[in-house]
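The chain contents come next:
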Amino acid sequence: MESSIILHLSYLLLVAASLVRQILWLRLLAVASGITAVIYDSGIGEYSMVAWEAAFAAVNAVQVGILIYERRMARLTPEEEALRKRMFSHLSIVDFHRLIRTGTWVSTNEGEILTRQGQPVVRIVLVTDGAT
């Protein structure tokens, strides 16, 4: 009876992981499901399944570590944070951090021409402040 409760808990955690929208919570619930399944499988002597469930839990645990690391490394300057809130509020800080790091933050002088009609565009320009 107790072992079937552990099995049901494992599947309940897996279903819960499928229902959450935040990837970190999905991964954490998947790890918990995998660990619970390892406990169940080892209790009934299904050691080949223990290996698979342990691999499942380990892969998700590594992904949790990567997600936490990315969150800690995503630091924005006040100017970048203001831009994110003003124009990219739908992006998470991590996603905006990735986006902003692909380009170069440049200030220009008044009157500088950024592009000309009919000419090939050599770079994408996002004007964040100033007049058009």
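Data block above holds the structure.
Residues numbered from 1 in each chain as written. Predicted model: local features only at pLDDT ≥ 70, side-chain atom pairs only at ≥ 80, totals over all residues. Heavy atoms only, no water.

Enquirer: Quick question: what am I supposed to make of the overall build of the chain here?
Expert: Tallying secondary structure elements over the chain gives five helices and zero strands in all. Relative to its length of 132 residues, the chain is extended, with a C-alpha radius of gyration of 24 Å against a globular reference of 14 Å. When the 132 residues of the chain are sorted by exposure, 22% land in the buried category. Here the analysis covers contacts within the chain between residues at least 6 apart in sequence; of these, 41% occur between residues at least 24 apart. For the chain, the exposed surface amounts to about 10200 Å²; the carbon and sulfur share of it is 61%. Here the chain contributes 12 positive and 12 negative side-chain charges, whose respective centroids are spaced 7 Å apart. (Helix = DSSP H or I, 4+ residues; strand = E, 2+ residues; numbered from the N terminus. Rg over C-alpha atoms; globule rule 2.2 N^0.38 Å. Buried < 20%, exposed > 50% of the residue type's maximum accessible area, 1.4 Å probe, protein only. Contact = heavy atoms within 4.5 Å. Areas by Shrake-Rupley, 256 points an atom, 1.4 Å probe, with all protein chains shown as cover. Lys, Arg positive; Asp, Glu negative; His and termini not counted. Charge placed at Lys NZ, Arg CZ, Asp CG, Glu CD.)

Enquirer: Hey, could you run me through the environment of Arg75 in this one?
Expert: With respect to the element layout, Arg75 can be found in the loop between α3 (47–73) and α4 (78–87). On the basis of relative accessibility, which here comes to 57%, the residue Arg75 falls in the exposed class. A sequence separation of 22 residues divides Arg75 from His97, and the C-alpha atoms of the two residues are 7.3 Å apart. Contact partners of Arg75, with chain neighbours within four places excluded, come to Glu80, His97 and Arg101. Polar contacts involving the side chain of Arg75 include one to the main-chain carbonyl oxygen of Arg72, which spans 3.3 Å. (Polar contact = N/O pair within 3.5 Å; in protein donor to acceptor, adjacent residues only side chain to side chain.)

Enquirer: Which parts of the structure should I look at to understand the side chain of Ser33?
Expert: Secondary-structure assignment places Ser33 in helix α2 (residues 23–43). Among residues more than four places away in sequence, those in contact with Ser33 are Ser10, Leu13 and Leu14.

Enquirer: Quick question: what am I supposed to make of the packing of aromatic side chains here?
Expert: Aromatic rings in a pair are described by how distant their centres are and how their planes are angled relative to each other. In this structure the tally under the stated criterion is one aromatic pair. Between Phe88 and Phe96, the ring centres sit 5.5 Å apart and the planes meet at 40°, which makes this aromatic pair tilted. Across the pair, Phe96 and Phe88 agree in class, each one buried. (Phe/Tyr/Trp six-rings, centres within 6.5 Å; stacked < 30°, edge-to-face > 60°.)

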